[in-house]
Amino acid sequence: PASKGGRGETSLLELAPEARDAVAAFVSQRFAVCLERLEQLRRAAELDMYVGPRLAELLELVRERALAQYCVPFSRVALPRLASAFGLSVEDAERAVVKLVLAGTLGEARVDVAGGWVARVHEDSRDEAIKSVRRANKAFKRLVGVSLLRSHLVRLPA
């Protein structure tokens with residue numbers, strides 16, 4: 001944590017406004033803007049002795065994470081819409097998504113090239129939760145019934 005007057009994470013991001021803008025764009029899911037800002041940082045980052053040798057790999061990881069993050073809230077994503085969100089051609093978006101599917105990053109996803117869709121296969125935890133609630137409800141009703149019967153039997157005169 002940064003102390004008052006010290007150089008913390010916030011002040012380091014202030015020194016590189018493009019990096020701050022890239023992080024803000026990623027967090028707000030404006031991925032095309034994020035990737036643009038990272039490209040603006042490329043020339044300076046290539047000169048860095050630590051980041052330079054790994055820059056292509058780092059940018060690819062950010063791009064993959066952004067693609068995966070974009071797909072999270074949807075069960076189906078249209079490839080043309082995904083391409084426009086990232087400022088890519090549909091073919092480039094398709095190649096990137098296929099790479100993610102093969103790597104398992106998108107979970108159990110399928111790419112429908114003919115239809116232009118990426119469909120994620122979700123485990124339906126909602127159905128399982130509903131079944132669990134129904135079982136608990138049935139057990140509760142049985143317990144209440146048994147308790148009522150017992151209380152009536154206790155009240156009967158001997």
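Everything below is about the structure printed above this text.
All values reported here derive from a predicted model rather than from experimental measurement. (Residues numbered from 1 in each chain as written. Predicted model: local features only at pLDDT ≥ 70, side-chain atom pairs only at ≥ 80, totals over all residues. Heavy atoms only, no water.)

(A) Highlighting the packing of helix 4 (residues 55-71) against helix 6 (residues 90-103). Look at helix 4 against helix 6: their axes get within 11 Å of each other, and the N-to-C directions meet at 85 degrees. Comparing the axis directions of helix 4 and helix 6 gives the class roughly perpendicular. Taken together, the residues of helix 6 that come into contact with helix 4 (itself represented by E60, E64, L67 and A68) are A96, K99 and L100. Counted by class, the contact of helix 4 with helix 6 contains four nonpolar, no polar and three charged residues. (Axes fitted to C-alpha atoms, helices over the stretch in contact; angles between N-to-C directions. Helix = DSSP H or I, 4+ residues; strand = E, 2+ residues; numbered from the N terminus. Parallel < 35°, antiparallel > 145°, perpendicular 65-115°, else oblique. Contact = heavy atoms within 4.5 Å. Nonpolar A, V, L, I, M, F, W, Y, C, P; charged D, E, K, R; others polar.)

(B) Here's a closer look at the sheet that holds strand 1 (residues 76-78). One open sheet holds the three strands; their spatial order is 1-3-2, and the pairing between them is antiparallel. The strands lining the two open edges of the sheet, one partner per strand, are strand 1 and strand 2 (109-112). Taken pair by pair, the neighbouring strands of this sheet meet at an average axis angle of 15 degrees, ignoring direction. Bridge analysis of strand 1 against strand 3 (residues 117-120) gives three bridges, and the strand direction is antiparallel. Within strand 3, the position partnered with V77 by the bridge is V118. (Pairing = 2+ DSSP bridges.)

(C) Broad picture of the pattern of salt bridges. Inspection of the entire model under this criterion finds twelve salt bridges. In this structure, K99 engages E60 in a salt bridge whose closest nitrogen and oxygen atoms are separated by 3.4 Å. One end of the pair, K99, is in helix 6; the other, E60, is in helix 4, and 39 residues separate them in sequence. Its relative accessible area of 27% is what places E60 among the partly exposed residues. Residue R95 is joined to D92 by a salt bridge in which the shortest nitrogen-to-oxygen separation is 2.4 Å. Taken as a pair, R95 and D92 lie in helix 6 at a separation of three residues, close to a single helical turn. Residue classification places D92 among the partly exposed positions, given a relative accessible area of 33%. Taken together, the shared-partner salt bridges connect E39, R42, E46, E60, R63, E64 and K99 into one network. (Salt bridge = Lys/Arg side-chain N within 4 Å of Asp/Glu carboxyl O. Buried < 20%, exposed > 50% of the residue type's maximum accessible area, 1.4 Å probe, protein only.)

(D) Looking closely at the pairing of strand 3. Note: strand 2 against strand 3, four bridges, orientation antiparallel. The partner of V111 across the bridge, within strand 3, is V118. What sits between strand 2 and strand 3 in their antiparallel hairpin is a turn of four residues, with G116 showing a positive phi close to 75 degrees.

(E) Structural detail: the packing of aromatic side chains. Overall, the coordinates contain five aromatic pairs when judged by the stated rule. The interplanar angle of 0 degrees and the centroid separation of 5.3 Å between the aromatic rings of F31 and F86 together place this pair among those described as stacked. Of this pair, F31 sits in helix 3 (residues 31-47) while F86 sits in helix 5 (residues 79-86), and the two are 55 residues apart along the sequence. Each member of the pair, F31 as well as F86, is classed as buried. Seen from their ring centres, Y70 and F74 are 5.9 Å apart, and the 50 degrees between their planes marks the pair as tilted. Its relative accessible area of 38% is what places F74 among the partly exposed residues. Connected via pairs of aromatic rings, a cluster forms that spans F26, F31, Y70, F74 and F86. Directly above the ring of W117 sits R76, whose terminal nitrogen or CZ lies 3.7 Å from the centroid. (Phe/Tyr/Trp six-rings, centres within 6.5 Å; stacked < 30°, edge-to-face > 60°. Lys NZ or Arg CZ within 6 Å of the ring centre and 35° of its normal.)

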